[in-house]
Protein chains: 2
Amino acid sequence: MTSATETTPGSNAQRERRRRILDATIALAEEGGFDAVQMRAVADDADVALGTLYRYFPSKIHLLVTALGRQFERAEEQSRTRQVPGDTPHERVMHILGQTTTALQRQPNLTEALTRAFMFADASVVDEIHFVGMKLTAMITRAIDGTEVNREPTEEDTAIVRVISDVWFTALMGWVTGRTPAEDVTKSVDVAVRLLLRD
Amino acid sequence: MTSATETTPGSNAQRERRRRILDATIALAEEGGFDAVQMRAVADDADVALGTLYRYFPSKIHLLVTALGRQFERAEEQSRTRQVPGDTPHERVMHILGQTTTALQRQPNLTEALTRAFMFADASVVDEIHFVGMKLTAMITRAIDGTEVNREPTEEDTAIVRVISDVWFTALMGWVTGRTPAEDVTKSVDVAVRLLLRD
DNA sequence: TCCAAATCTAGAACGTGTTTCAATAATCAT
DNA sequence: ATGATTATTGAAACACGTTCTAGATTTGGA
């Protein structure tokens, strides 16, 4: 019995601990955002010692970015199951990003916590960051292509997806830091997509 | 005698203190980046008490973002004095941003400190953030227009400038956090500018 | 089953951003 | 000049991320 949660390495007890830690992280983030995710609180809620928490995740940032990865993984899975509606690449990309944005905005504290961590991450978190980037790229690329057989994305596609991601991320950041209103996120992305994917 | 440094309010001694604080901040940032800008060290180097430092700047983030504003103000002034070389908007924008990027990359620690602060800033720093944004917008807009009499920027212009800024900022962030190599910053921006300003 | 190695626990301790407070100094209106 | 108000100082204290230590506990191989 080595694969109740699949892939993750370690003994059963260790996978359980890891799961409890990430669950506690998300729960605390949902309640109070970045500041509420305090390492002592996470350790308590997950029923592990502080030292153990640090053995699993070397910093608060690692912890949160890993949690972000788990969320994105789920989002990407879900988006993969059904076809993206819309007649043009513009419409389809906006559908995916608009939907994702709305979902994130429904959990403002959680999103604030995860986005801030992502922003503050340094080179030591490069793998987790890259993981998140890949999931996002996959979603956008699929939306651009729509029903077409999944062709290999061209250089141009990759470049466009990259720019869209950057704009989306920056806009999201403006929102989580309280600098711009919620609607502006979707608006910014829409403008960028329009400029980049002239239909 | 109320205007040796112009505009800034307060008595002479207060303007002096403020200047010393910002100078100390920049000096520490140049040496060791974000982590080296420690409030106690800033206070010491500026010859003020810790409490006084906090009376002038309510947080480390305010302090650094204000310093960033001062830097951008200077950069924008300089760029305003002479004409932007280049035959197309693309060339001119890349000239300005390429040059600014290079300048920033020559002082990696300082740039890391200021960019990180900018990233982490929340709503309470909205004025300082906006100030920085305006300086950057002004520079890019001037580069797009080139020699033309300075027309009022259209909605489209503003939107394009916004997207370029976002990409530039995200790329810069990738670099200061050690996730992407220096050349990639200019490359990313170049791709975005090419996509947005088809010559 | 038993031992050695790895892991986990509880808790203290440290560093740095931030707050607080009493005492002193500077400023300003009268 | 004087008293009132405000600003500055020096130092202590607090909060939270992070590190460290000494002793249990678990695990995995002989």
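Since we're looking at a predicted model, the values are computed, not measured.

A. Molecular detail of the packing of aromatic side chains. Considering all chains together, one arrives at 5 aromatic pairs over all chains under this definition. Ring geometry for A:Phe120 and B:Phe34: centres 5.9 Å apart, planes at 80°, overall edge-to-face. Of this pair, A:Phe120 sits in helix 6 (residues 108-120) while B:Phe34 is found in helix 1 (residues 12-36), placing the two residues in two different chains. Here the two residues A:Phe120 and B:Phe34 agree in accessibility, since each one is buried. The rings of A:Phe34, A:Phe120, B:Phe34 and B:Phe120 are connected pair by pair, giving a single aromatic cluster. One residue, A:Lys60, lies across the ring of A:Phe34, its end atom 4.1 Å from the ring centre. A cation over an aromatic ring shows up here: A:Arg179 above the ring of B:Phe118, its NZ or CZ 5.8 Å from the ring centre.

B. Geometry of the nonpolar core. Counting 126 residues, the largest nonpolar core has A:Leu53, A:Val93, A:Leu97, B:Leu53, B:Val93 and B:Leu97 as its most contacted members. With residues up to four places along the chain from it excluded, the contact list for A:Leu53 reads A:Ile21, A:Met39, A:Val42, A:Ala43, A:Val48 and A:Leu63.

C. Spotlight on unusual backbone geometry. The backbone phi angle of A:Asp47 is positive, close to 60°, even though this residue is not glycine. Structurally, A:Asp47 can be placed in the loop between helix 2 (39-46) and helix 3 (50-56).

D. Broad picture of the protein's contact with DNA strand D. If you check the shell around DNA strand D, you find 17 residues, and the closest are A:Arg40, A:Lys60, B:Arg17, B:Thr52 and B:Tyr56. Backbone atoms, meaning sugar plus phosphate, form 64% of the atoms of DNA strand D positioned within 4 Å of the protein. Between DNA strand D and A:Tyr54 there is a distance of 3.0 Å, counted from a phosphate oxygen to a side-chain nitrogen or oxygen. B:Tyr56 places a side-chain nitrogen or oxygen 2.8 Å from a phosphate oxygen of DNA strand D. Elements that contribute at least two residues to the surface near DNA strand D include exactly helix 2 and helix 3 of chain A together with helix 1 and helix 3 (50-56) of chain B. Looking at the surface near DNA strand D element by element, the count peaks at 3 residues for helix 3 of chain B.

E. Examining the interface of chain B and chain A more closely. The partner chain A presents 30 residues to the 30 residues of chain B that form the contact. The contact between chain B and chain A buries some 2700 Å² in all, and 62% of this surface belongs to carbon and sulfur atoms. For chain B, the biggest contributors to the area lost against chain A are B:Phe120, B:Arg179 and B:Leu195; these three give 23% of the whole. Between A:Glu156 and B:Arg194 there is a salt bridge, and its shortest N-O distance comes to 3.5 Å. Taken together, chain B and chain A are joined by 8 residue pairs in polar contact (both at pLDDT 80 or more). Of all elements in the fold, only helix 6 (108-120), helix 7 (126-145), helix 8 (155-176) and helix 9 (182-196) of chain B reach the threshold of two or more residues within the side of chain B that touches chain A. Of the residues forming the side of chain B that touches chain A, the biggest block, 10 residues, is contributed by helix 8 of chain B. Along the lines of polarity and charge, the residues of the side of chain B that touches chain A split into 18 nonpolar, 4 polar and 8 charged.

F. Looking closely at the pattern of salt bridges. Scanning the entire structure with this criterion turns up 16 salt bridges over all chains. Across the pair A:Asp23 and A:Arg19 runs a salt bridge, and its minimum N-O distance is 2.5 Å. Of this pair, A:Asp23 and A:Arg19 both sit in helix 1 (residues 12-36), 4 residues apart, which is roughly one turn of that helix. The class for A:Asp23 is partly exposed, based on a relative accessible area of 33%. The closest approach of N and O atoms between B:Arg70 and B:Asp23, which form a salt bridge, is 2.8 Å. With B:Arg70 in helix 4 (residues 60-81) and B:Asp23 in helix 1, the pair connects residues that are 47 residues apart, well separated along the chain. B:Arg70 sits in the buried class, given a relative accessible area of 18%. Within this structure, A:Glu16, A:Arg19, A:Asp23 and A:Arg70 form a network of salt bridges that share partners.

G. Geometry of the confidence of the model for chain A. Residues and elements named next belong to chain A. Averaged over chain A, the pLDDT score is 89; the fraction of residues at 70 or greater is 93%. Mean pLDDT values over the elements of chain A span from 89, in helix 7 (residues 126-145), up to 98, in helix 2. Confidence over residues 1-6 falls short of pLDDT 50; this stretch has 6 contacts with residues more than four positions distant or in other chains.

H. Spatial organisation of the packing of helix 4 (residues 60-81) of chain A against helix 7 of chain A. Residue and element names in this part refer to chain A. Running from amino to carboxyl end, helix 4 crosses helix 7 at an angle of 20°, the nearest separation of the two axes being 9 Å. Considered as vectors, helix 4 and helix 7 are oriented roughly parallel to each other. The interaxial crossing formed by helix 4 with helix 7 has left-handed handedness. Contact residues: helix 4 offers His62, Val65, Thr66, Leu68, Gly69, Phe72, Glu73, Ala75, Glu76, Ser79 and Arg80, while helix 7 offers Glu128, Ile129, Phe131, Val132, Lys135, Leu136, Ala138, Met139 and Arg142. Grouping the constituent residues of the contact of helix 4 with helix 7 by class yields 10 nonpolar, 4 polar and 6 charged.

I. How the structure looks around a negative patch on the surface. Among the surface-exposed residues, A:Glu30, A:Glu31, A:Asp44, A:Asp45 and A:Asp47 lie close enough to one another that they form a single negatively charged patch. Contributions of two or more residues to the negative patch are made by helix 1 and helix 2 of chain A.

J. A look at the protein's contact with DNA strand C. As a structural note, the neighbourhood of DNA strand C is formed by 17 residues, with A:Arg17, A:Thr52, A:Tyr56, B:Arg40 and B:Lys60 the closest of them. Per the 4 Å cut-off to the protein, sugar and phosphate atoms form 66% of the nearby atoms of DNA strand C. The separation between a base nitrogen of DNA strand C and a polar side-chain atom of A:Arg40 is 3.3 Å. One of the side-chain N or O atoms of B:Arg40 is found 2.8 Å from a base oxygen in DNA strand C. Only helix 1 and helix 3 of chain A together with helix 2 (39-46) and helix 3 of chain B provide two or more residues apiece to the surface near DNA strand C. For the surface near DNA strand C, the class distribution of residues is 7 nonpolar, 4 polar and 6 charged.

Reading the values: rules and limits
Residues numbered from 1 in each chain as written. Chains lettered and ligands numbered in written order. Predicted model: local features only at pLDDT ≥ 70, side-chain atom pairs only at ≥ 80, totals over all residues. Heavy atoms only, no water. Phe/Tyr/Trp six-rings, centres within 6.5 Å; stacked < 30°, edge-to-face > 60°. Helix = DSSP H or I, 4+ residues; strand = E, 2+ residues; numbered from the N terminus. Buried < 20%, exposed > 50% of the residue type's maximum accessible area, 1.4 Å probe, protein only. Lys NZ or Arg CZ within 6 Å of the ring centre and 35° of its normal. Core = buried A, V, L, I, M, F, W, Y, C linked by side-chain atoms within 4.5 Å. Contact = heavy atoms within 4.5 Å. Near = heavy atom within 4 Å. Polar contact = N/O pair within 3.5 Å; in protein donor to acceptor, adjacent residues only side chain to side chain. Buried area = accessible area lost by both parts, 1.4 Å probe. Salt bridge = Lys/Arg side-chain N within 4 Å of Asp/Glu carboxyl O. Nonpolar A, V, L, I, M, F, W, Y, C, P; charged D, E, K, R; others polar. pLDDT = per-residue confidence, 0-100. Axes fitted to C-alpha atoms, helices over the stretch in contact; angles between N-to-C directions. Parallel < 35°, antiparallel > 145°, perpendicular 65-115°, else oblique. Left-handed = near helix turned anticlockwise from the far one by under 90°. Patch = residues over 30% accessible without salt bridge, like charges linked within 9 Å, V, L, I, M, F, W, Y side chains within 5 Å. Areas by Shrake-Rupley, 256 points an atom, 1.4 Å probe, with all protein chains shown as cover. Lys, Arg positive; Asp, Glu negative; His and termini not counted. Charge placed at Lys NZ, Arg CZ, Asp CG, Glu CD.

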